[in-house]
Amino acid sequence: MNHEERLARQKKIRNFSIIAHIDHGKSTLADRILEKTQTVTSREMQSQLLDSMDLERERGITIKLNAVQLTYTAKDGEEYIFHLIDTPGHVDFTYEVSRSLAACEGAILVVDAAQGIEAQTLANVYLALDNDLEILPVINKIDLPAADPERVKKEVEEVIGLDASEAVHASAKAGIGIEEILEQIVEKVPAPVGDPSAPLKALIFDSLFDPYRGVIVYIRIMEGTVKPGDKIKMMSSGKEFEVVETGVFTPKATMRSELTVGDVGFLTASMKHVGDSSVGDTITLASNPATEALPGYRKMNPMVFCGLYPIDNSKYVDLRDALEKLELNDSALEFEPETSQALGFGYRCGFLGLLHMEIIQERIEREFKIDLITTAPSVIYDVKLTSGETIKVDNPSMMPEVQKVDKIEEPYVKASIMVPEDYVGSVMELCQRKRGNFITMDYLSAARVNIIYEIPLSEIVYDFFDALKSSTKGYASFDYELIGYKESKLVKMDILLNSEKVDALSFIVHKDFAYERGKVIVEKLKALIPRQQFEVPVQAAIGQKIVARSTIKSIGKNVLAKCYGGDISRKRKLLEKQKEGKKRMKQVGSVEVPQEAFMAVLKMDEPNK
Amino acid sequence: MVRGVYIHIPFCHQICNYCDFNKFFFQNQPVDEYIEALGQEMVLWADDLKNASVETIFIGGGTPTSLSVKQLERLLALIHTHIPMDSLVEFTSEANPDELTLEKMQLMRKFGVNRLSMGVQTFDQELLQVLGRTHSNDHVYKVIEYAKQTNFPSISIDLMYGLPNQTMDQWKASLKEAFRLNIPHISAYSLLVEPKTIFYNLLSKGKLTLPGEDLEAEMYSYLMDEMKRNGYAQYEISNFAYKGIESKHNLLYWDNDEYIGLGAGAHGYVNSVRYSNHGPLKKYMHTIEVDEKPIMMQKEVSQVEKMEEEMFLGLRKNEGVSLARFEQRYGQALQGVYGKEIDELLEKELVSIENNFIKLTKRGRFVGNEVFQYFLTS
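The structure displayed is predicted, hence computed values, not measured ones.

What counts, and where the lines are drawn
Every residue gets a number counted from 1 within its own chain, in the order that chain's sequence is written. Throughout, the order in which chains and ligands are written sets their labels, letters from A for the former and numbers from 1 for the latter. Local features in this predicted model are restricted to residues of pLDDT 70 or higher, and side-chain atom pairs are both shown and tallied only at a pLDDT of 80 or more, whereas totals for entire chains, interfaces and linings draw on every residue. In this text, helices come from DSSP runs of H or I with a minimum length of four residues, and strands from runs of E with a minimum of two, each type numbered from the N-terminal end. Two strands pair if DSSP finds at least two bridges between them. Every axis in this analysis is a line fitted to C-alpha atoms, fitted for helices over the stretch in contact. Angles between the N-to-C directions lie between 0 and 180 degrees. For classification purposes, an angle smaller than 35 degrees is called roughly parallel, one larger than 145 roughly antiparallel, one from 65 to 115 roughly perpendicular, and anything else oblique. In this description, a residue-residue contact is defined by the distance between C-beta atoms placed from the backbone, which must lie within 7 Å. Under the convention adopted here, Pro, Cys and the residues Ala, Val, Leu, Ile, Met, Phe, Trp and Tyr are nonpolar, Asp, Glu, Lys and Arg are charged, and Gly plus all remaining residues are polar. Given the number of residues in a helix, its expected span is that number minus one, multiplied by 1.5 Å. Around each residue's C-beta, the other C-beta atoms within 10 Å are counted; 20 or more make the residue buried, 12 or fewer make it exposed, and counts in between make it partly exposed. All C-beta atoms are placed from the backbone. UniProt positions are given in the numbering used here, feature names are shortened, and annotations may be inferred rather than shown by experiment. In this scheme, a crossing is called left-handed if the near helix is turned counterclockwise away from the far one by less than a right angle; it is called right-handed if the turn is clockwise.

A. Examining the environment of G77 of chain A more closely. By secondary structure assignment, the location of G77 of chain A is in the loop between β2 (67-73) and β3 (79-85). Between the alpha carbons of G77 of chain A and L496 of chain A there is a distance of 74 Å; along the sequence they are 419 residues apart.

B. Broad picture of the sheet that holds strand β15 (residues 321-322) of chain B. All names here are of chain B. The 3 strands are arranged β15-β17-β16 in an open sheet whose pairing can be described as antiparallel. The open sheet terminates on both sides in strands that have one partner only, identified here as β15 and β16 (351-354). Strand direction decides the pairing type here: β16 and strand β17 (residues 357-360), joined by 4 bridges, are antiparallel. Looking at the pairing, I353 lines up with I358 of β17.

C. Quick peek at the packing of helix α3 (residues 69-82) of chain B against helix α4 (residues 102-110) of chain B. Residues and elements named next belong to chain B. Packing of α3 against α4 leaves a shortest axis separation of 10 Å and a crossing angle of 10°. Overall, the two elements α3 and α4 adopt an arrangement that is roughly parallel. Mapping the contact onto sequence places V69, L72, E73 and L76 in α3 and E103, K104 and L107 in α4. Grouping the constituent residues of the contact of α3 with α4 by class yields 4 nonpolar, no polar and 3 charged.

D. Geometry of the interface of chain B and chain A. Facing the 33 residues of chain B at the interface are 19 residues of chain A. Those elements that place two or more of their residues in the side of chain B that touches chain A are β8 (185-190), α9 (213-229), α10 (248-254), β11 (258-262), β12 (267-270), α12 (303-314), α15 (362-366) and α16 (368-373) of chain B. Tallied by class, the residues present in the side of chain B that touches chain A amount to 16 nonpolar, 9 polar and 8 charged.

E. Layout of helix α9 (residues 354-367) of chain A. With 14 residues, α9 of chain A ought to run about 20 Å at 1.5 Å a step, and its terminal C-alpha atoms sit 20 Å apart, in line with that. Buried within α9 of chain A are the following residues: L354, H356, M357, I359, I360 and I364 of chain A.

F. Looking closely at the UniProt feature "domain: Radical SAM core" (unreviewed entry) in chain B. Here the UniProt feature "domain: Radical SAM core" (unreviewed entry) sits at residues 1-233 of chain B. Taken end to end, residues 1-233 of chain B is 43% helix and 20% strand, and its two terminal C-alpha atoms sit 28 Å from one another.

G. Fine view of the packing of helix α10 (residues 424-433) of chain A against helix α11 (residues 457-471) of chain A. All names here are of chain A. Interaxial distance between α10 and α11 falls to 9 Å at its minimum, and their mutual angle equals 155°. The orientation of α10 with respect to α11, classified from their angle, is roughly antiparallel. By crossing handedness, the relation of α10 to α11 is classed as right-handed. Contacts between α10 and α11 involve S426, V427 and L430 on the former and, on the latter, A467, L468 and S471. Per-class residue counts for the contact of α10 with α11 are 4 nonpolar, 2 polar and no charged.

Given below as structure tokens:
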């Protein structure tokens, strides 16, 4: 292509994302758009096509970004090139959302016609507005009996300040309104601006390691053109590589002879390490470099930490390999070696949030077949010692002795909770119980309220999501952002099994709640740890002082009485099954402890049970 | 070498709420054809039977006494025709107390049956109903009377504990009644709620209350103490008898010896192969019709598995596992194979070694499964 051809093509490109709350129909809408543009034939059509990771399809969430090129023949008779960039909807993945939005000029905002705007959607819309994206509101699920599109449109206008008068009424599931959405994309989303003959500026918005091709770099071309054989340069590191392939996803990886302004696709360049192509960096040509890099992204720091330990100690090296492989495609994941007296060798890992933590844990168990013990998540505490020194503590068992501590500060978040008016009381009661400070409350509409609290992150990390869900029958939506550190009266609670301290079970708790929680936790542990061959005392202690205790009884009787009419194989199977069950447990001293016990601290706040 | 034969009669007039054995309602079943098929199956096993030294025969079920007198006679005649009886010392039939008539018992005696194993389960009338049993205590007393008349050398009863809502007092009363009747052999099993039973369904719907692990342990403890006090020797986890009355057929299983299993759903162990027969009657009978053994599944037991089984079966016996016999059978010293495991178990006082036998301690007997798992190393 020559310069003019490239410019002409550029005018036909539309790049957009879809912003939606979980369950509001984002993946279904993406599927419909793919069908409508005949990007995939119906034979290839697999429900929720963009969610390719097994876990994503099972959980109905998008974890990694996907970018698909589609062609659409509009009513004006012209053929347009669309790039649809998928975004995760969950609060843990705000960082990834901001990455994908930076590669777009527009965003479709999908709002459920019955449920209205949710807290997480709002956060993502603000991200999109920060990126100067054209936002196209779509009221989805209009075919549901409870749909009230006019009310929801009013909410969009009042809460976000968008003009919703031309919002498409759609049902992605029933295929209603899809064409209208596509036409609006053509009309309203601006074509990319940029000079295809200028020095190359390609934004890296994701990368993936492939054992055969090396790193696959996902890019959006802002300026210039890139093709196989070009010598490229990473603007932050200065490293140079030779481009092997350029291409787009349709959604299959499809080779193209070049990528130019507005294209969203990939390149490979025999890169061995994902670190060679850090997300947010700008790629330029070595021979004709750009003078200035594109604005990068702020790297998100992990907020939640936990220990991951292989149940089978000999799998330690395998666990390291697994984490290294996952890290290649997940820049937010952090880990470093850690030793626990109770659990042996493992890793302290940092995550963006609880969901991120669960997903990593599940991927290690599934994809790498390593059974794990996960310790309860913790936040990072700033601890000022009497010596004047300040240290950071991300593992409760490393909290210094009380005498050495001058003060402890813990991270706080601003939590916004959107909820129908009827549940305001229960939400406030919950936030109060979670040591929250009430900030403000706004009516979004006559019946919906946005409540703002400042709450310690550690309380969120524990079981806030579940508690919120159950106390509002699932009607609340929730978002939070870190606002800084505040001093709190915190103490370390140690747990002793069979009179031995189990470091992996220690947790940090507010002084005023300590006794009560100590009592709850010893009972929880008693319920979660199966009977052993001997009696096991369970104690909770602050320093040297025991604040609560219970006892796990010894096994009363476990012996198969029946003869089974000479069916010895059945006896064997039963014994093997019992033995297999033990393999899922970790031997701590002389006590067999199941995985759930290490998470018991998360389940402490269940007032109704 | 094969030392025993098990014969399965999968018919019942009433299905018990806890039973998960292969069984069918008697009505409308091809019972006569089934008995003929059993005879044919014996023919198919002729070579192995010829080389066997059959010391014990056990007719189990289901309920063998569900058969009519005529059917029972045909079955016993077939056994005599096809199974070599010259080494036979014990010939047991299971029985339901309410199905035993004097005539059936006379018939059994005539054909050499010398041991009755009766499913009494409890002497508590209410609990009998809970279990879905149809007999009453009077039936039991009557059978004991018939046994005297017919000179039955040995009677055993099964008792159960850990039953729904069963109290310690109810358990004590049942045992007391058994002792009063002077029954020479008692098997006492704790209830195990198995899938595909009425109890299982009730339990999963929350409609069944079991006594729980601790009370069950107390019942077991009481059982062992009382048996001892009343002159019974415990010879296995669940079996008690006057000296010399131990069931040789049961011991054959715990001794890890070989036996032929006949009938629908029966299990056997022959020439190092454990097998199980087809359970459904049609499949079982059709296979025999085309002159094939009705085996559904078989698996050769490896040397390692044999040693494991020697341990987890043998340790069920009070005498335990003979170190000498282990070495003789497997060519390796027991402690050479399981040294680490045994040290740990000795340390925990779950097993002891005395007079060249390794056996469970009293505490070990309560947690037998925990001990047995140590020997599953493959």
